[in-house]
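# Descriptive structure summary
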Amino acid sequence: MKILVTGGTGYIGSHTVVELINKGHECVIVDNLYNSSDKVLGRIKQITGVEVKFYKVDIRDKDALEEVFKENNFDAVIHFAGLKAVGESVAKPLEYYENNISGSIVLYELMIKYHVNRLVFSSSATVYGDSFTSPLKEEYGRGKTTNPYGSTKAINEMIIEDIGKANKDFSAIILRYFNPVGAHESGLIGERPNGIPNNLVPYISDVVVGKLDHLNVFGDDYDTRDGTGVRDYIHVVDLAKAHVLAIEHAAKQVGVDTINVGSGNGYSVLEVIKAYEKASNKKIPYVISQRRPGDIATCFADTHKASELLGFNTKLGIEDMCKDAYNFIKKNPNGIE
Ligand code: NAD
Ligand code: UD1
């Protein structure tokens with residue numbers, strides 16, 4: 001298939017483009033490079049041998065995006081483009097609604113206009129809010145979101161469901177990611193957020209390479225095995241492969257389906273530290289600090305639907321995730337420059 005990948009130079013997008021190429025699909029990337037570098041394109045070529053067509057376009061720019069649709073006869077779209085920092089979304093809600101909702105609407109309008117009827121959308125476990133107990137099942141629906149970022153994901157899900165009701169030929173898979181971590185085993189693509197990382201594994205990576213001197217463990221008094229928060233970490237390469245299966249599935253069906261993408265296993269913060277220490281052979285200094293406001297004790301996926309509908313099961317475990325995150329940060333301490 002010829003697939004438009006919005007946000008394709010970003011963290012999950014770049015890994016997905018690699019896996020799509022590995023499966024013989026043709027990718028065209030649209031990204032405004034707000035949170036990524038065009039150097040990623042050279043890295044994708046190093047890994048796959050394929051030069052991917054790239055447009056530096058903001059998806060909110062309807063005229064520019066329409067040119068991309070006119071020039072290419074797409075079979076499908078995988079939509080990653082968006083802003084994703086939870087804390088920032090609380091401080092700048094309008095930027096998040098404007099980018100993640102208005103941008104998506106422009107994209108969906110063009111899909112309908114150019115009869116591109118297959119979509120995979122990046123949603124998040126954040127749409128369950130704090131309303132349900134893990135393992136989280138798709139059939140629970142959406143809980144009460146706790147920040148504007150999460151709300152943009154919930155609203156996008158609703159928009160896509162409504163497009164599906166109005167267009168009989170439309171087919172979409174909404175993927176609810178749990179916690180994507182790790183990097184491609186080559187160490188050529190991966191994640192190094194700008195500034196001080198908010199998320200656990202990127203933060204540990206910065207500690208391991210000496211950019212930060214210790215990790216703060218946000219609370220050790222949760223009702224979990226060791227008192228620290230439990231999350232469902234998934235290797236980004238496994239997650240990327242789920243997208244290939246999802247877009248191929250979308251090509252065979254009509255209607256809108258929502259699928260969790262996690263490993264189904266929860267690891268505590270202390271267990272992740274231990275796994276990263278083993279993978280890097282380095283000590284990770286940490287101090288126990290206050291709970292982070294808004295955090296919940298435990299979040300992990302029920303993965304039956306992904307397995308049954310897509311045939312998707314994760315292959316890489318927590319040690320692979322830490323080994324590959326470490327390999328990437330060692331080679332790219334300042335990200336992909
Ligand atoms: P990322 O920031 O690395 O990638 C997103 C890409 O979109 C970036 O390259 C950015 O430059 C681009 N972009 C942003 N706004 C754009 C616009 N208006 N027009 C064109 N390009 C634009 O993030 P990621 O981690 O790869 O996440 C990809 C998607 O998955 C996002 O929608 C994110 O919300 C979602 N998601 C991520 C996680 C996670 O933990 N990483 C979890 C759940 C869902
Ligand atoms: C993050 C997002 C959430 C998204 C999810 C999956 C935030 C606030 N939330 O949540 O919207 O759906 O990823 O992508 O960004 N921790 C520490 N010290 C740190 C950082 C984290 O102890 O410096 C702990 C947290 O308390 C948590 C665990 O590590 O228990 C994982 O945290 P994080 O990587 O931020 O992911 P989520 O909290 O799941």
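Throughout what follows, the structure given in this document is the object of discussion. Computed from a predicted structure; not experimentally measured. (Residues numbered from 1 in each chain as written. Chains lettered and ligands numbered in written order. Predicted model: local features only at pLDDT ≥ 70, side-chain atom pairs only at ≥ 80, totals over all residues. Heavy atoms only, no water.)

## Digging into the sheet that holds strand E2 (residues 26-31)
An order of E3-E2-E1-E4-E5-E6-E11 is seen for the seven strands of this open sheet, with the pairing classed as parallel. Looking at which strands have only one partner, the edges of the open sheet turn out to be strand E3 (53-56) and strand E11 (255-261). Recorded for the sheet is a direction-independent mean angle of 20° between the axes of neighbouring strands. In the sheet, strand E1 (residues 2-6) pairs with strand E4 (residues 76-79) via four bridges, with the strands oriented parallel. Its bridge partner lying in E4, Ile-3 is registered against Ala-76. Of the strands in this sheet, E1, E4, strand E5 (118-124), strand E6 (171-177) and E11 are in contact with helix H8 (residues 236-250), which crosses E6 at around 160°. (Pairing = 2+ DSSP bridges. Helix = DSSP H or I, 4+ residues; strand = E, 2+ residues; numbered from the N terminus. Axes fitted to C-alpha atoms, helices over the stretch in contact; angles between N-to-C directions. Contact = heavy atoms within 4.5 Å.)

## Structural notes on the site of ligand 1
Lining the immediate environment of ligand 1, one finds 27 residues, of which Asp-31, Asn-35, Ser-36, Lys-84 and Asn-99 sit closest. A distance of 2.6 Å separates a nitrogen atom of ligand 1 from a polar side-chain atom of Asn-99. For ligand 1, an oxygen atom lies 2.8 Å from a polar atom in the side chain of Tyr-149. For ligand 1, whose free accessible area comes to 810 Å², the fraction covered by protein is 95%. Going through the elements one at a time, helix H1 (11-22), E5 and helix H6 (148-166) are the ones with two or more residues in the shell around ligand 1. Top contributing element to the shell around ligand 1 by residue count: E5, with three residues. By residue class, the composition of the shell around ligand 1 is 11 nonpolar, 11 polar and five charged. (Near = heavy atom within 4 Å. Polar contact = N/O pair within 3.5 Å; in protein donor to acceptor, adjacent residues only side chain to side chain. Areas by Shrake-Rupley, 256 points an atom, 1.4 Å probe, with all protein chains shown as cover. Nonpolar A, V, L, I, M, F, W, Y, C, P; charged D, E, K, R; others polar.)

## Regarding helix H2 (residues 39-48)
Of the positions making up H2, those classed as buried are Val-40, Leu-41, Arg-43 and Ile-44. For H2, the buried positions fall inside an angular range of 160° around the axis, keeping them on one side. Residues of H2 that are buried in the fold lie against H1, E2 and E3. Of the residues flanking the end of H2, it is Gly-49, one or two places downstream, whose phi is positive at about 80°. (Buried < 20%, exposed > 50% of the residue type's maximum accessible area, 1.4 Å probe, protein only. Arc of directions from axis to C-beta.)

## Looking at the sheet that holds strand E12 (residues 267-268)
Reading across the sheet, the three strands line up as E12-E9-E14 and stay open at both edges, with mixed pairing between neighbours. Strand pairing shows two members of the sheet lacking a second neighbour, E12 and strand E14 (298-299), which therefore form its edges. Of the strand pairs in this sheet, strand E9 (residues 230-231) and E12 are connected by two bridges, and their pairing is antiparallel. Looking at the pairing, Val-230 lines up with Ser-268 of E12.

## Some thoughts on helix H11 (residues 318-331)
With 14 residues, H11 extends 20 Å between its outermost C-alpha atoms, agreeing within 8% with the 20 Å of an ideal straight helix rising 1.5 Å per residue. Taken together, the buried positions of H11 are Ile-318, Met-321, Cys-322, Asp-324, Ala-325, Tyr-326, Asn-327, Phe-328 and Ile-329. Buried positions along H11 lie against strand E7 (179-181), helix H7 (200-208), strand E10 (233-235), E12 and helix H9 (269-280). (Expected span 1.5 Å × (residues − 1).)

## Focus on the site of ligand 2
Of all residues adjacent to ligand 2, which total 20 residues, the nearest are Ser-124, Asn-216, Arg-231, Arg-292 and Asp-295. Contacts to ligand 2 include Asn-199, whose side-chain N or O atom sits 2.8 Å from an oxygen atom. Taking Phe-218, its main chain carries an N or O atom lying 2.9 Å from an oxygen atom of ligand 2. The fraction of the free accessible surface of ligand 2 (730 Å²) that becomes covered by protein chains is 85%. Put simply, the parts of the chain that give the shell around ligand 2 at least two residues each are E7, H7 and strand E8 (215-218). Residues belonging to the shell around ligand 2 are distributed by class as follows: 10 nonpolar, seven polar and three charged.

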